[in-house]
Amino acid sequence: RVRGGGGGGGGGGGEAAAAEEEAKRSMWMDWALSNFHSVNHDLIDSVARTQDVTVASERIASAHDGYVERFLIVEKEMEQGRSIFYCG
């Protein structure tokens with residue numbers, strides 16, 4: 001499941017809890033899309049389009065550092081229990 005969908009069910013707090021979880025999921029998806037775009041672009045561009053191996057290697061290393069930096073933010077949030085992050 002990417003966004004939305006699902007639902008269901010009997011009243012009570014279940015729907016409110018599901019809506020809160022959906023909001024958290026959407027927040028992280030938006031964060032990931034906006035923050036990973038540049039490193040995804042650099043990695044894909046370097047691997048698929050760059051002929052110069054030296055430039056490609058430097059950009060791949062830079063993209064790797066970008067991934068590490070961003071996932072450290074995710075791990076910190078998860079450790080502190082403030083946020084949920086879905087992978088898949």
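Reading the values: the criteria
Residues numbered from 1 in each chain as written. Predicted model: local features only at pLDDT ≥ 70, side-chain atom pairs only at ≥ 80, totals over all residues. Heavy atoms only, no water. Helix = DSSP H or I, 4+ residues; strand = E, 2+ residues; numbered from the N terminus. Contact = heavy atoms within 4.5 Å. Areas by Shrake-Rupley, 256 points an atom, 1.4 Å probe, with all protein chains shown as cover. pLDDT = per-residue confidence, 0-100. Phe/Tyr/Trp six-rings, centres within 6.5 Å; stacked < 30°, edge-to-face > 60°. Buried < 20%, exposed > 50% of the residue type's maximum accessible area, 1.4 Å probe, protein only. Expected span 1.5 Å × (residues − 1).

Considering the overall build of the protein chain
A count of helices and strands for the protein chain gives two helices and zero strands. Contacts in the protein chain between residues far apart in sequence, at least 24 positions, make up 56% of those at least 6 positions apart. Total accessible area computed for the protein chain in this model is approximately 6200 Å², and 57% of it derives from carbon and sulfur atoms.

Focus: the confidence of the model for the protein chain
Considering every residue of the protein chain, the mean pLDDT works out to 76; 76% of them sit at 70 or more. Low pLDDT, under 50, characterises residues 5–11; the predicted model gives this stretch five contacts beyond four residues in sequence or across chains.

What about the packing of aromatic side chains?
How two aromatic rings sit relative to each other is set out by the distance from centre to centre and by the angle between their planes. The full count for this structure, using the stated rule, is four aromatic pairs. Arranged with centres 5.1 Å apart and planes meeting at 80°, the rings of Trp28 and Trp31 form a pair that is edge-to-face. Residue Trp28 and its partner Trp31 are located together in helix H1 (residues 13–48), separated by three residues, close to a single helical turn. Put simply, the rings of Trp28, Trp31, Phe36, Tyr67 and Phe71 touch in pairs and so form one group of aromatic residues.

A short note on the environment of Val74
Its place among the elements puts Val74 in helix H2 (residues 53–79). Residue classification places Val74 among the buried positions, given a relative accessible area of 3%. Taking the C-alpha atoms as reference points, Val74 and Trp28, 46 residues apart in sequence, are found 9.2 Å from one another.

Observations regarding the environment of Asp45
Positionally, Asp45 belongs in helix H1. Residue class for Asp45 comes out buried when judged on its relative accessible area of 15%. Once the C-alpha coordinates of Asp45 and Ile60 are considered, the two residues, 15 residues apart in sequence, prove to be 9.2 Å apart.

Brief notes about H2
A rise of 1.5 Å per residue sets the reference length of H2, with its 27 residues, at 39 Å; its end C-alpha atoms lie 38 Å apart and thus fit the reference within 8%. If you check which residues of H2 are buried, you get Ala56, Ala63, Gly66, Arg70, Val74 and Glu77. Trailing H2 by a residue or two, Gly81 shows a phi angle of about 70°, which is positive.

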